[in-house]
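# Reading the structure
Now for the letters of each chain:
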Amino acid sequence: RHRWRLKPKQKSSWTTFIKQIASFGGDLSSLTAPPFILSPVSLTEFPAYWGERPELFSSIAEGVDEEDRSVRVLKWFIATLKGQYTSRNEKMGSEKKPLNPVLGELFFGEWPETETRGKTTLTVEQVSHHPPVTAYRMYNAKSGVELSGFSGQKTSFSGGSIIVKQTGHAVLTLHGLPSGKEQYLITLPRLRIDGLWYGSPYTELSDMSYIQCENGWLSTIEYKGKGYFSGKPHSFKAVLTPPYNHPAPDEHTHVVEGTWHETSSYTKASGFQPELKPGLGTPYFTDVRGPKEEISVKPESEQGEWESRKLWKMVAEGIRSGDYDLASKEKTKIENQQRQMRKDEVAAGTTWQLKYFKKIPHDELYERLSEMYNGQPPTDEMYVYTGPDQVQD
Ligand code: HCR
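### A short note on the packing of aromatic side chains
- Summed over the entire model, instances satisfying the criterion amount to 13 aromatic pairs.
- Taking the centre distance of 5.6 Å and the plane angle of 50° together, the rings of Phe57 and Trp76 count as tilted. You can see Phe57 sitting in helix H2 (residues 54-58) and its partner Trp76 sitting in helix H3 (residues 66-92), a full 19 residues away along the chain.
- The buried category is assigned to Phe57, whose relative accessible area is 0%.
- An angle of 65° between the planes, with centres 5.4 Å apart, marks the rings of Phe150 and Tyr383 as edge-to-face. With Phe150 in strand E6 (residues 145-158) and Tyr383 in strand E18 (residues 382-385), this pair connects stretches of sequence that are 233 residues apart.
- Judged by relative accessible area, Phe150 falls into the buried class, the value being 3%.

Now the structure itself:
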């Protein structure tokens, strides 16, 4: 991993780019990167990583009680991390710079119904360009499991790495349980892009993230990379604790440790799972070494002009085929169109209208549940889904 993988000519443009990042700070999306580090995929596609284990997602609703459902939410969350943070390395050899979405860019897809699960659909909209913010909603009608959230990044440079603080949060809602609606607030980990000086960037996670159920069950997930407590890259430790007034908190505390890109297992199982023997390693809590299921997307010929793969088709073709002149010409075309649209709006006294989401300045759930998290902002905005298939509880 820590070896130069660049040709001498690439090496100098890469070094110039890294120096530019180091002295620039701020919004990375606006920097022009050397061609070989460009990805042909737009950031609007990234929320699909939440759905690539569709069975784990829909079966959250099958949990018999709050404890069981909280375990299932944690399991699904951990199982998505490999896709979210290492799939570019696996597919393209290193972390790459995704296409910077335009305002109003859309991405739709689904994981089709099978015998064991209902259909899960995904709706994504780029709700801000400067700074880039992406809103998403994923829904499985059969099980009543819904995920809504938004994602932005604040980047800085420190100790030779890019530090990415994720802004935004996600809310997982279980609709139609016998006990009513149940919601989970999900915060997002901090990222470090390492391997920069070697020309092979990869993402490591650090600090903590949380999954707080409104009934008091709380997962605290701590991320460590190589050289820390296990000495392994992509390590984590998750502790799930019961509500403060639980009669037997210790017996119902779960501790899971391992790596989020391979396997994890219980190091302390709760009293309610006698079959799990902590320390034995198996059965694994998560095992994501096997294949995941990528989202199904309509062919470009059937997509609307704002849909990501159609919008970026020519740019992506240029990047994939190594024709960077084509890629940059097509990218400039899109950027000029965008500039013109913004000018026209100013002239007409209008503003861009979102199609599938509505921005609300404060998220009531976030404010109710987030107070105990160190370092989390005390309030957060939210993008509420306004498209078809909305659920009224
Ligand atoms: C930081 C990053 C853009 C944002 C990407 C996010 C945070 C987006 C939300 C997903 O749920 C998870 C996710 C995973 C990615 O690891 C992260 C990207 C990694 C690199 C990219 C930078 C803007 C590009 C840096 C340019 C070079 C040096 C690689």
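### Re the nonpolar core
- Among the nonpolar cores identified, the biggest contains 56 residues, and Trp76, Phe77, Leu122, Leu147, Leu172 and Ile221 are the most heavily contacted of them.
- Ranked by residues supplied to this core, first place goes to H3 with eight residues.
- Beyond its immediate chain neighbours, meaning those up to four positions away, Phe77 contacts Trp50, Ile186, Thr187, Ser209, Ile211, Ile221 and Tyr223.

### Describing the environment of Thr155
- Position of Thr155 relative to the elements: it lies in strand E6.
- When the C-alpha positions of Thr155 and Met314 are compared, they lie 29 Å apart, and in sequence the two are 159 residues distant.

### A word on helix H1 (residues 8-24)
- For H1, with 17 residues, the first-to-last C-alpha span of 24 Å sits near the 24 Å given by 1.5 Å per residue.
- Considered for burial, the residues of H1 that qualify are Trp14, Phe17, Ile18 and Ile21. The buried side chains of H1 occupy one side of the element, clustering within an arc of 100° when seen end-on. Turned more than 90 degrees off the buried face of H1, the exposed positions are Pro8, Lys9, Thr16, Lys19 and Ser23.
- In this fold, the buried residues of H1 make contact with E6 and strand E7 (161-167).

Rules used in this analysis
- Residues numbered from 1 in each chain as written.
- Predicted model: local features only at pLDDT ≥ 70, side-chain atom pairs only at ≥ 80, totals over all residues.
- Heavy atoms only, no water.
- Phe/Tyr/Trp six-rings, centres within 6.5 Å; stacked < 30°, edge-to-face > 60°.
- Helix = DSSP H or I, 4+ residues; strand = E, 2+ residues; numbered from the N terminus.
- Buried < 20%, exposed > 50% of the residue type's maximum accessible area, 1.4 Å probe, protein only.
- Core = buried A, V, L, I, M, F, W, Y, C linked by side-chain atoms within 4.5 Å.
- Contact = heavy atoms within 4.5 Å.
- Expected span 1.5 Å × (residues − 1).
- Arc of directions from axis to C-beta.

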